[in-house]
Protein chains: 2
Amino acid sequence: MQVWKDYQEKNKDRFLEELLALLRIPSVSARTENKNDMLTCAEAVKKGLLDAGATTATIYPTEGHPIVYGEKIIDPALPTVLVYGHYDVQPADPLELWNSGPFDPVIKDGKIYARGSADDKGQFYMHVKALETMVETGTLSTNIKFLIEGEEEVGSPNLATFVKANKALLDANVILISDTSMISMENPSIDIGVRGLSYIEVEVTGPNRDLHSGVYGGAVANPITMLSKMIASCHDENNHITIPGFYDDVVESTDIERAKMAEAPFDATEYAKDLGVQTLWGEKGYSSNERTGIRPTLEVNGIWGGYTGEGAKTVLPSKAFAKISCRLVPNQSSEVITEKIINYFTSIAPAGVTVKASEHHGGEPYMTPIDSKEYQAAASAIAATFGKDPIPVRGGGSIPICALFEKELGLKIVFMGFGLDSDNLHSPNEKFDIVNFYKGIETIPYFHQFYASSK
Amino acid sequence: MQVWKDYQEKNKDRFLEELLALLRIPSVSARTENKNDMLTCAEAVKKGLLDAGATTATIYPTEGHPIVYGEKIIDPALPTVLVYGHYDVQPADPLELWNSGPFDPVIKDGKIYARGSADDKGQFYMHVKALETMVETGTLSTNIKFLIEGEEEVGSPNLATFVKANKALLDANVILISDTSMISMENPSIDIGVRGLSYIEVEVTGPNRDLHSGVYGGAVANPITMLSKMIASCHDENNHITIPGFYDDVVESTDIERAKMAEAPFDATEYAKDLGVQTLWGEKGYSSNERTGIRPTLEVNGIWGGYTGEGAKTVLPSKAFAKISCRLVPNQSSEVITEKIINYFTSIAPAGVTVKASEHHGGEPYMTPIDSKEYQAAASAIAATFGKDPIPVRGGGSIPICALFEKELGLKIVFMGFGLDSDNLHSPNEKFDIVNFYKGIETIPYFHQFYASSK
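(A) Structural context of the relation of the copies chain A and chain B. With an RMSD of 0.1 Å, chain A superimposes on chain B once it is rotated by 180 degrees and translated 0.0 Å along the axis. Read as a symmetry element, the transformation amounts to a two-fold axis. The fraction of interface residues of chain A whose copies in chain B are also interface residues reaches 100%, indicating that both copies meet through the same surface.

(B) How the structure looks around helix α11 (residues 402–409) of chain A. Residues and elements named next belong to chain A. Turning to α11, its buried residues are Cys 402, Ala 403 and Phe 405. One face of α11 carries all of its buried residues, which in axial projection span an arc of 160 degrees. Buried-residue contacts for α11 involve β7 (174–177), β9 (189–194), β16 (366–367) and β18 (412–415). One or two steps after α11, the chain reaches Gly 410, where phi turns positive at roughly 65 degrees.

(C) Representation of the domain arrangement of chain A in the model. Residue and element names in this part refer to chain A. As assigned here, chain A comprises domain 1 (2–194 + 365–454) and domain 2 (196–250 + 296–363). Distance between the C-alpha centres of domain 1 and domain 2: 35 Å. In this assembly, 9 residues from domain 1 lie in contact with 11 residues from domain 2.

(D) A look at the interface of chain A and chain B. In this assembly, 81 residues from chain A lie in contact with 81 residues from chain B. Among the elements that line the side of chain A that touches chain B, the one with the most residues is strand β12 (residues 297–306) of chain A, at 9 residues. Note: β12 of chain A against strand β12 (residues 297–306) of chain B, 5 bridges, orientation antiparallel. Looking across to β12 of chain B, one finds that Gly 305 of chain A is bridged to Ile 303 of chain B.

(E) Representation of the sheet that holds strand β9 (residues 189–194) of chain B. All names here are of chain B. A sheet is described by the order of its strands in space; here 3 strands give the open sequence β16-β9-β17, paired in mixed fashion. A strand with exactly one partner marks an edge of an open sheet, and here the two such strands are β16 (366–367) and β17 (391–394). Note: β9 against β16, 2 bridges, orientation antiparallel. What sits directly across from Gly 193, in β16, is Met 367.

(F) Local environment of the environment of Pro 390 of chain A. Residue and element names in this part refer to chain A. Along the polypeptide, Pro 390 turns up in the loop between α10 (373–386) and β17 (391–394). For Pro 390, a count of 22 C-beta atoms within 10 Å puts it in the buried group. With 208 residues separating them in the primary sequence, Pro 390 and Met 182 have C-alpha atoms 8.9 Å apart. Dropping the residues within four chain positions of it, Pro 390 is found in contact with Pro 188, Ser 189, Ile 190, Ala 379 and Ile 382.

(G) Summary view of the environment of Gln 123 of chain A. All names here are of chain A. Its location among the elements puts Gln 123 in helix α3 (residues 121–136). With 27 C-beta atoms counted inside 10 Å, the residue Gln 123 sits in the buried group. For the pair Gln 123 and Phe 450, spaced 327 residues apart in the sequence, the C-alpha separation amounts to 20 Å. Look past the residues within four positions of Gln 123 in its chain and what remains in contact with it is Gly 85, Ala 118, Ser 178, Asp 179, Gly 417, Phe 418, Gly 419 and Gly 440.

(H) Representation of the environment of Asp 51 of chain A in the model. On the secondary structure map, Asp 51 of chain A appears in helix α2 (residues 35–52). Placed 37 residues apart in sequence, Asp 51 of chain A and Arg 14 of chain A show a C-alpha to C-alpha distance of 13 Å.

(I) The sheet that holds strand β10 (residues 196–205) of chain B, seen in detail. The strand order β15(A)-β10(A)-β14(A)-β12(A)-β12(B)-β14(B)-β10(B)-β15(B) describes an open sheet built from 8 strands, whose pairing is antiparallel. Looking at the sheet topology across the chains shown, the edges are occupied by β15 (354–363) of chain A together with β15 (354–363) of chain B. Pairs of neighbouring strands in the sheet enclose a mean axial angle of 20 degrees, with direction left out of account. The sheet strands contacting helix α5 (residues 223–232) of chain B are β12 of chain A together with β10, β12 and β14 (319–328) of chain B, and the helix crosses β14 of chain B at an angle near 15 degrees.

(J) Region of the structure containing the pairing of strand β3 (residues 80–86) of chain B. All names here are of chain B. Burial analysis of β3 places 7 of its 7 residues in the buried class, the great majority of the element. Side-chain alternation along β3 places Thr 80, Leu 82, Tyr 84 and His 86 on one buried face and Val 81, Val 83 and Gly 85 on a second face that is also buried. Pairing analysis gives 7 bridges linking β3 to strand β6 (residues 143–149), with the strands arranged parallel. When the bridges of β6 are listed, Val 83 appears paired with Phe 146. In terms of strand pairing, β3 meets strand β7 (residues 174–177) through 4 bridges, oriented parallel.

(K) Expanded view of the nonpolar core. Core analysis: the biggest nonpolar cluster contains 245 residues, and Ala 378 of chain A together with Ala 378 of chain B have the highest contact counts within it. The residues touching Ala 378 of chain A, leaving out its near neighbours within four places in the chain, are Ile 190, Val 414, Met 416 and Phe 447 of chain A.

(L) Spatial organisation of the packing of α10 of chain A against helix α12 (residues 434–454) of chain A. All names here are of chain A. For the pair α10 and α12, interaxial distance at closest approach is 8 Å and the crossing angle is 135 degrees. Classified by the angle their axes make, α10 and α12 are oblique. α10 and α12 meet at a crossing whose hand is right-handed. From α10, Lys 373, Gln 376, Ala 377, Ala 378, Ser 380, Ala 381, Ile 382, Ala 384 and Thr 385 reach across to α12, where they touch Lys 439, Glu 442, Thr 443, Tyr 446, Phe 447, Phe 450, Tyr 451 and Ser 454. Tallied by class, the residues present in the contact of α10 with α12 amount to 9 nonpolar, 5 polar and 3 charged.

Cut-offs used in this document
Numbering of residues begins from 1 in every chain and follows the order in which that chain's sequence is written. Here the convention is simple: chains get letters from A, ligands get numbers from 1, in the order in which they are written. Residues qualify for local features only when their pLDDT is at least 70, as the model is predicted, and side-chain atom pairs are given and counted only at 80 or more; totals for whole chains, interfaces and linings, by contrast, use all residues. Overlaid copies result from least-squares superposition on C-alpha atoms, with residues included only where pLDDT is at least 70 in both. Residue pairs qualify as contacts under a 7 Å threshold applied to their C-beta atoms, which are placed from the backbone. Buried means a residue has 20 or more other C-beta atoms within 10 Å of its own C-beta, exposed means 12 or fewer, and partly exposed covers the counts in between; C-beta atoms are placed from the backbone. Numbered from the N terminus, helices here are DSSP runs of H or I no shorter than four residues, and strands are runs of E no shorter than two. In this context, the arc is that of the directions from the helix axis out to the C-beta atoms. Each domain span listed reflects an automatic or database assignment of domains. Between any two strands, pairing holds if DSSP finds at least two bridges. Angular values range over 0 to 180 degrees, each being the angle between N-to-C directions of two axes fitted as lines to C-alpha atoms, with helices fitted over their stretch in contact. By our criterion, buried Ala, Val, Leu, Ile, Met, Phe, Trp, Tyr and Cys residues that link up through C-beta atoms within 7 Å make up a nonpolar core. Here roughly perpendicular refers to angles of 65 to 115 degrees, roughly parallel to angles under 35, roughly antiparallel to angles over 145, and oblique to all remaining angles. Throughout, a crossing is termed right-handed when the near helix is turned clockwise from the far one, and left-handed when it is turned anticlockwise from it by less than a right angle. Note on residue categories: nonpolar means Ala, Val, Leu, Ile, Met, Phe, Trp, Tyr, Cys or Pro, charged means Asp, Glu, Lys or Arg, and polar means any other residue, Gly included.

Dropping the structure here:
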């Protein structure tokens, strides 16, 4: 609508400056050393909500990092949209691969480079600025609530307690989340599913101390070798996951669904070129999009053991470690899969080493019904600003709290993501295109308008 | 002999103090940050030699760390013993596992705890104090030369050049090295062989940047998984090494040799208990002593990749690395094996990743003929102070320069080690028993005496 487009055009520089200020706060939820930064960031989010026109905004302490809640209720008879987002970010390591400081945002070629620019500060902040737009231009057509947490990147360990204890506060008609991406600005898309997550850590112990690899080498099981063998055994020659029962609960996509997915624009050559790999990899019998969308996966996220410094050290180490996570699809259960992976690693532990495996965090998969009015409102909003209907896609990432929202609040969730796959989420040089940031702020008010009128 | 025993008894406290001073210098050859400490240590070695009665002592610069040479020539007609040792030490990591500072020597229960206490400062310094003893008591019966280098722990990259250029300087009749261990004080032994070494580093690159493991997981080869598969493939189910041609040049021990080895005292239950493992591990068909003595091995000394910090990060990393070394036995060639391992890793690189493998350093295996007069002089010296004949054993470690010494100088090498396998060489809490230090100083003059009279 012209009225909010004009308002946004006039204020766009300030919108950007405000986001940059938020990105300067190193709100890394996984690191205890950033605990105070998390509080600073929560305060900034609260202030941002109040400045944007929220009537109330509150910081709720949890056993971990605080939750920020804010609202603008204009008429209890109108539908209420609950916006969920998160102000915490992933750790910035490896620092040496960043071209600029992860918490010192730099704008280059129309892109904002900073940790959290796309995931998720830049995206939830679009909703804050959309609220301001609607308030200032008198176009707010729904009630709006904000639930911005600080523990999404560590599995939202305290959000469930908060949600269960505050059902009335969070009462709404739909949950709207911008924490996913679209195919491209030319091919707007909406994620209709997020994968679940099971994340574990494995510790393999061989001898009770680091040994001289000459004196003892050959006579004692090496925990790195044993861990490597265990990891190697997780995929067979077709890259199927071998953990017993892993695929038991997977809902296989129908041929019709798969045919529809195959229509989404995807250039395997470009994809491989962008990643700098000669060939793509994955489970036999599935396309790349299917491998990241409708199929569960197992990835090693980190491994370490022995001497990792400069030069050479002839050590047979006492311990080796790995961080391993699985992405899950409907109807897999995070709890069940976590138990299966842990059991697998402990049960295949070779003689001569002991294996401890423990859970980091998990989350359930979620899917938005494409024929729901919630999805339709989002699709119409995208069509209004992009000039074409969005393509429904299955995203590869995870938003662990979705299944809980549906269960506890009885609400449908719509994912309106304005990022791109190339945003380097969780990687060095994370970025968010400024044009996407503005496009999001312009599109979101349409969602509220279409959703209000569909009620 | 009573005369040198008396002298040593009177000076033993000073001998120990001097060693502790040497141990306080963090002479880690692998770390560039310790470059100045290496110079300081070389100066200390030079001063130690002159103080002990060497007529000359010189520091020879190399392209890496300097070599210290010293000598005491009493009569060109007498035989000359060339003592080889090294003043450099292994890195001290992981520091958090040390009970006291690695370069802040602590004496506890009659043991000196410090990096380098046994490997090799404490052991080469026995020869320095033996020289002092023989000079001061007028019992020196051979000429004596010292070659103490600073790059043994990084494969002696510059010693070959020095040896080739200084054959006259190093001219001698036998090389004597104390850089090995004995079974126990009750079961003195002499190493008649050291294993060779091939040490490589492997770098596996998948995508050109760290990726979000949800967005890309399942569609791109994970370098950690691929590296694990490659490492896992290096041993078969019998723990034989699978690298093509790896065993081609191995000289198999005869049944008689193996029967003799089996006579050495070895308690597998105690061995496993000391290491804290439930079962031992190794190549099928060989005993533990054979696995560390007469058989070549392949050990992963370090592995790293992805996120290794606190908590969880859902990353599909760009790179993974491993440090891998093989111990070699007669008649394997370090150069040939290094080439075979490098070829193996690069040739089995799965599609979707690229593999770079490069050499760290290597060394050839060496064996002392048991019927040589050099070995016999050492055995008699041990018998004189321990009261029983030593057991000849095959050691698992490597002293890369031995084969070069034999080739360039045409000399036999005798290993008179006074350490114990439990000295935690290359590990946290490295120690050297004070009683072993003194026993070495007492025994060494006997070697010179017996060797001189056998001439």
